[in-house]
Amino acid sequence: MNKRVLAFTVPLLILIFIIAIYIGGQFNSQGPLEPSETVTPTIPSPAPKNFTPFGIHITFARLKPLTLNFIWITASPTNNSIVELSKPDGDVIRYNGSQIFYKKFYWHIVSASNLALSNKYEYRVGDPDIEMSPKFILWLGSNNTNFNFTVYGDQGTNKYSRMVVQTSVKFNPMFNIHVGDLSYGGSRVDQWIKWFNIIEPLASTRPYLIAVGNHEYDGAGDLSDLNIYFPSIDSKYNYWFIWGNSFFLVINPGPYDDALLDSTLYDWVNQSLRFASMNPNIKWIFVFVHYPPYSSGASHGSSKITEPLKELFDLYGVDIVFSGHEHNYERTYPLKHGSIMSYNDSLYINPNGTIYIVVGGAGGGLYKSFIEPKPAWSYYREARYSFGVIIVNENKVIFRAIDAVNGTVFDEFTLIKK
Ligand SMILES: [Fe+2]
């Protein structure tokens, strides 16, 4: 074999050898020649289910017949949303409701009607086939002329927000009214969840009523979240109810304290107060509106939007107007047409004027600055974490401002109407 033949044959043999190895590999190997590694197939483990009801709160859905909304939250869906209520005679009633998936959580709502007053009900919520809450005691008190309630606003979710609830519960109010700026959660559902857990000791054991503040419009800019979290008598949270000898008017003027008051809302307030003033069974009229018609706080002060309502409060003899927005406490002398009707400190007999109280110290950071000098109409003002307790009797109303931290009374007055 000469050199030329060799030069041709050797590369050819090498090429044939390589091709043979490759073809053999294709048919005989277990797979492509890749780095071998042990692959353990991952079976996705289901997220742990959590059916525990939390954030239980009760509010009025209707007054006649008395119907309460029970609302609670779960992390996982259940088959049923049930309130199981034990009557004092031992009978157990079950009310069915519904649930909606909204912002990561399941919001349950059950309406329970025909509840008798003066009864202490034991109840629990949840799905009886899966998990129920612990038992709560709901006391509806009596719809007579002797009852008490608590009021506060501007709460949030800090340690003082919690103290306000814990101290309020000790006064065993018939119901609590929040004058707005609830959780400051806006569109952050986790913040709302935190707030619902904070208010639960009060809101799960008696009706918890709310007025809307400007911060309820944070996030989406409307009340769509609140209508799921805390559905009430009215979707815009303008409503009234009668309890005993008293008329309670809750007003939502909207998101801005310096806007013009909507004329339709003005008309509705006018009609509502006229109705109350003509009702012979109504002795006391209480108004709840977030923006204070009178405040000497330096942060917001007296609100422009509620200014036009003062003439209606004068006209129909409103006894007390409760507000928040300013994160402090302040109360006026009895006022009518802007004039001070009594310079007494703590006893007003037929004052013929309206007392305006800011109860904005429920946990939102305190506003410590006030306008100087103190306006003549302002009787007492102080930046303090606090809330109000109102004791209603036939001819007498006692108001007490309570320190949220130690439960002491730091301001008090008595209204008497003969
Ligand atoms: Fe506010």
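To be clear, the structure that these remarks concern was listed above.
To start, this report covers the structure provided alongside it. Quantities reported herein were computed from a predicted structural model and do not represent experimental measurements. (Residues numbered from 1 in each chain as written. Predicted model: local features only at pLDDT ≥ 70, side-chain atom pairs only at ≥ 80, totals over all residues.)

### Here we look at the environment of I305
- By secondary structure assignment, the location of I305 is in the loop between β15 (284-289) and α6 (310-316).
- Given 21 C-beta atoms within 10 Å, I305 falls into the buried group.
- Distance from I305 to A259, taken between C-alpha atoms, is 5.5 Å for residues 46 residues apart in sequence.
- Setting aside chain neighbours within four positions, we find I305 in contact with P253, Y256, D257, D258, A259, L261 and Y291. (Helix = DSSP H or I, 4+ residues; strand = E, 2+ residues; numbered from the N terminus. Buried ≥ 20, exposed ≤ 12 C-beta atoms within 10 Å, placed from the backbone. Contact = placed C-beta atoms within 7 Å.)

### Points about the nonpolar core
- Among the nonpolar cores identified, the biggest contains 94 residues, and V287 and F322 are the most heavily contacted of them.
- Sorting elements by how many residues they give to this core places helix α3 (residues 189-203) first, with 8 residues.
- Formed jointly, this core draws a minimum of three residues from each of two domains, domain 1 (49-140) and domain 2 (144-416).
- In contact with V287, other than residues within four places in its own chain, are L249, I251, F313, V318, V321 and F322. (Core = buried A, V, L, I, M, F, W, Y, C linked by C-beta atoms within 7 Å. Domains from an automatic or database assignment.)

### Quick look at the sheet that holds strand β10 (residues 147-152)
- Taken in spatial order, the 7 strands make up an open sheet running β12-β11-β10-β23-β24-β25-β20, and their pairing is mixed. At either margin of the open sheet sits one strand with a lone partner, and together these are β12 (208-210) and β20 (347-349). Strand-to-strand twist across the sheet, computed as the mean angle between neighbouring axes with direction ignored, equals 20 degrees.
- Note: β10 against strand β23 (residues 386-392), 5 bridges, orientation antiparallel. The residue of β23 that forms the bridge with T150 is V389. (Pairing = 2+ DSSP bridges. Axes fitted to C-alpha atoms, helices over the stretch in contact; angles between N-to-C directions.)

### Describing α3
- Between its first and last C-alpha, α3 extends only 18 Å over 15 residues, short of the 21 Å set by a 1.5 Å rise per residue.
- If you look at α3, its biggest bend is around 30 degrees, right at N197, and the proline P201 turns up within four residues after that.
- The complete set of buried residues in α3 reads W192, I193, W195, F196, I198, I199, L202 and A203. (Expected span 1.5 Å × (residues − 1). Bend = angle between axes of the 7 residues up to and from the residue.)

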